Amino acid sequence: MKILIFAGAGTSIELGVPAMVGMAQEFLAHCRQWDVEPSLVEELMEDKLDIEYLIENLDKICDAKSSLKAIASIEEELEKVSTIRSEVEWFVQHMAERVSGSDANLMWGSVLSTSIKHDFTFVTTNYDRAIELAANSQGIRLHDGFEPFGTNEITRWQGFSQASEHSKLIKLHGSTDWYSEQQSADPLKLRHPMPLFGKGTLNLANGACLGSALILPSREKLLTKPPYLRLSQAFLNAGDECEAAMFIGSSLRDSHILDAVKTIASSRPVYVVNPGLEIPETHNVRYIDETASQFLMSTLPSAFAQADPIAILDAVSAKKSANGKSIIELVSCACDGQETRSRRCDAIDRLDQLSIQLGSHLIGQLLGDQDSVVSRYSLGLAAISPNRQQLIEAAEQSPHIKDSLFTDELSLLKELP
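Heads up: these notes are all about the structure in this document. Residue numbering note: each chain is counted from 1, following its sequence as written. Given that this is a predicted model, residues contribute local features only at a pLDDT of at least 70 and side-chain atom pairs are listed and counted only at 80 or more, while totals for whole chains, interfaces and linings are drawn from all residues. Heavy atoms from the whole structure form the basis of all side-chain values; hydrogens and water molecules are not counted.

1. Describing a negative patch on the surface
Thinking step 1. Taken together, the side chains of D119, D240, E241 and E243 define an acidic patch exposed on the protein surface.
Thinking step 2. Locating E243 in the fold gives a position in the loop between α9 (228–241) and β10 (244–248).
Thinking step 3. Relative accessibility thresholds used throughout: buried, under 20% of the residue-type maximum; exposed, over 50%; partly exposed, between the two (1.4 Å probe, protein chains only). Judged by relative accessible area, which is 41%, E243 ranks as partly exposed. Patches in this entry comprise residues that are over 30% relatively accessible and not in a salt bridge; like charges within 9 Å are linked, as are nonpolar side chains (Val, Leu, Ile, Met, Phe, Trp, Tyr) within 5 Å. Reported accessibility uses the Shrake-Rupley method at a 1.4 Å probe radius. Residues are deemed covered only where the shown protein chains occlude them. Throughout this description, the term salt bridge denotes a Lys or Arg side-chain nitrogen within 4 Å of a carboxyl oxygen of Asp or Glu. Under the counting rule used here, the positive set is Lys and Arg, the negative set is Asp and Glu, and His together with the chain ends is not counted. The location of each charge is read from NZ of Lys, CZ of Arg, CG of Asp or CD of Glu. Helix numbering and strand numbering both begin at the N terminus, where a helix is a DSSP run of H or I of at least 4 residues and a strand a DSSP run of E of at least 2.

In structure tokens form, the structure reads like this:
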């Protein structure tokens, strides 16, 4: 089954990357701490506390800089604006690199683990590398348009092949590990990326000089630079070819994304996953009132585990009774061997009470946990999983199979209808 999965800002927010307001607040605090023109930052943000609004204002002023320099009295102020713009560009990249590999795997691992059965195309406007980190943890290769690294530190853009056997990853606004070669403007990717500051560049041993390739908010005009036209076309092609699409954690404020939703929904199932969001004039769109974490870690992998995933997703959409809260902290606590037994078991209990059907690989991880009590508590999650029989077989291989309390709970699980 060909599936398009679009990841919006909501998926990053649950992984610790601040939303526009949160990022603006943190940037203002950063400017105060390091004395980077905090008064001017406040003035340019006005009362909106929105990093995108700030970048838009900075770009408008910087784009007019050559004309405004004729007014000698404001030249010093223009330099201050350039300083802030350099700082905010570095700051956005820095925020996107906050995502940890373990949390990324919790969020995306269950969906990625089903990629051997389905043809996925992941599309995102996020800069972070959460999907890539999760795929790497799962030993899954994603085709993102760049050549594989092999033993190299740097790799070049090669485009998307229709014949590729790997799931695709289309990053519409770039990634924190993407750069642009200064002379040729060719897109490159580094194995060990670092945020660039302002006009700062990276000089490689082979003589290449690299600048940032990110499309920050308000800089859509840069979408004409390589490889962004190719990425946009790949997104449209994926929309034309998919059998169903999910838009997760997106407000659909971007007109291009909203147009894609409407176009795909005219002939195929489209699910918009964002608590409380409904967009007028989007016919045939199914809304799922869940957070990104609940959908990606529970609902979607549970649907893929059954014979007719579309019917399952339609049923979820019809209920409109989700808890509307992130579950990633609960799952993270349950899986964290450094947490206390009490906190881990409480987290598993809470997931059970919410009827969260976690992906099989997460429940399997808990069943094999070194702590026998944690492993025993996780049998409750296995009881409500659509893969119950598979998980019972995994539990029979648990290191705690000789523990009488564990085997008693497992026997009860086997007796359930």
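2. Topic: the nonpolar core
Thinking step 1. Side-chain atoms within 4.5 Å link the members of a nonpolar core, which is a set of buried Ala, Val, Leu, Ile, Met, Phe, Trp, Tyr and Cys residues. Counting 87 residues, the largest nonpolar core has I5, W108, F122, M246 and L358 as its most contacted members.
Thinking step 2. Throughout, a residue-residue contact means that at least one pair of heavy atoms, one from each residue, lies within 4.5 Å. When near neighbours in sequence (up to four residues on either side) are disregarded, I5 contacts W108, V111, F120, T121, F122, V123, M246, I248 and L300.
Thinking step 3. Core analysis: the second largest hydrophobic core is formed by 33 residues, L172, W178, V270 and V272 among them.

3. Let's talk about helix α2 (residues 20–34)
Thinking step 1. One fewer than the residue count of a helix, multiplied by 1.5 Å, yields its expected span. Between its first and last C-alpha atoms α2 spans 21 Å; for 15 residues at 1.5 Å apiece the expected length is 21 Å, and the two agree.
Thinking step 2. Those residues of α2 that fall on the buried side of the exposure criterion are G22, M23, A24, F27, L28, H30 and C31.
Thinking step 3. As for α2, its buried residues are in contact with α3 (38–45), α4 (51–63) and α6 (75–96).
Thinking step 4. Positive backbone phi, approximately 55°, marks D35, located one or two places after α2.

4. Brief notes about the sheet that holds strand β5 (residues 167–171)
Thinking step 1. Ordered in space as β3-β5-β2-β1-β10-β11-β12, the seven strands form an open sheet in which the pairing is parallel. Edge positions in the sheet fall to β3 (142–143) and β12 (285–288), since each of these pairs with one other strand and no more.
Thinking step 2. Two strands form a pair only when DSSP identifies at least two bridges running between them. By the bridge criterion, four bridges tie strand β11 (residues 270–273) to β12 in an arrangement that is parallel. Paired with V270 across the bridge in β12 is V285.

5. Describing the pairing of strand β9 (residues 209–212)
The side chains of a regular strand alternate between both faces of the sheet.
Thinking step 1. Examined bridge by bridge, strand β6 (residues 178–181) and β9 share three bridges and lie antiparallel to one another. Bridge pairing links S180 to G211 in β9.

6. Focus on the packing of aromatic side chains
Thinking step 1. Two rings from Phe, Tyr or Trp (for Trp, the six-membered ring) form a pair when their centres are within 6.5 Å of each other. A pair whose planes differ by under 30 degrees is stacked, one over 60 is edge-to-face, and the rest are tilted. Using the criterion set out here, one finds eleven aromatic pairs in the structure.
Thinking step 2. Residues W108 and F122 carry aromatic rings whose centres are separated by 5.8 Å and whose planes lie at 85° to one another, so their mutual orientation is edge-to-face. With W108 in helix α7 (residues 101–112) and F122 in strand β2 (residues 119–124), the pair connects residues that are 14 residues apart, well separated along the chain. F122 matches W108 in its accessibility class, with the two residues each being buried.
Thinking step 3. Between F120 and F304 the ring centres are 5.4 Å apart and the planes differ by 45°, which places this aromatic pair in the tilted class. With F120 in strand β2 and F304 in helix α11 (residues 292–304), the pair connects residues that are 184 residues apart, well separated along the chain.
Thinking step 4. Of the aromatic side chains, those joined through ring pairs into one cluster are F146, W157, F160, W178 and Y228.
Thinking step 5. To sit over a ring, a charge needs its Lys NZ or Arg CZ within 6 Å of the ring centre and within 35 degrees of the ring normal. Taking NZ or CZ as reference, K48 lies 5.0 Å from the ring centre of Y53, over its face.

7. Some thoughts on the sheet that holds strand β4 (residues 154–156)
Thinking step 1. Ordered in space as β4-β7-β6-β9-β8, the five strands form an open sheet in which the pairing is antiparallel. Looking at strand neighbours, the two that pair on one side only are β4 and β8 (202–203), the edges of this open sheet.

8. Overview of the pairing of β5
Thinking step 1. β5 sits mainly inside the fold: five of its five residues count as buried.
Thinking step 2. The side-chain alternation of β5 yields two buried faces, one formed by S167, L169 and K171 and the other by K168 and I170.
Thinking step 3. Strand direction decides the pairing type here: β2 and β5, joined by four bridges, are parallel. From the neighbouring strand, T124 faces β5, where its bridge partner is K171.
Thinking step 4. In terms of strand pairing, β3 meets β5 through two bridges, oriented parallel. Bridge assignment links L142 to a residue of β5, and that residue is S167.

That is the geometry; function is a separate question.
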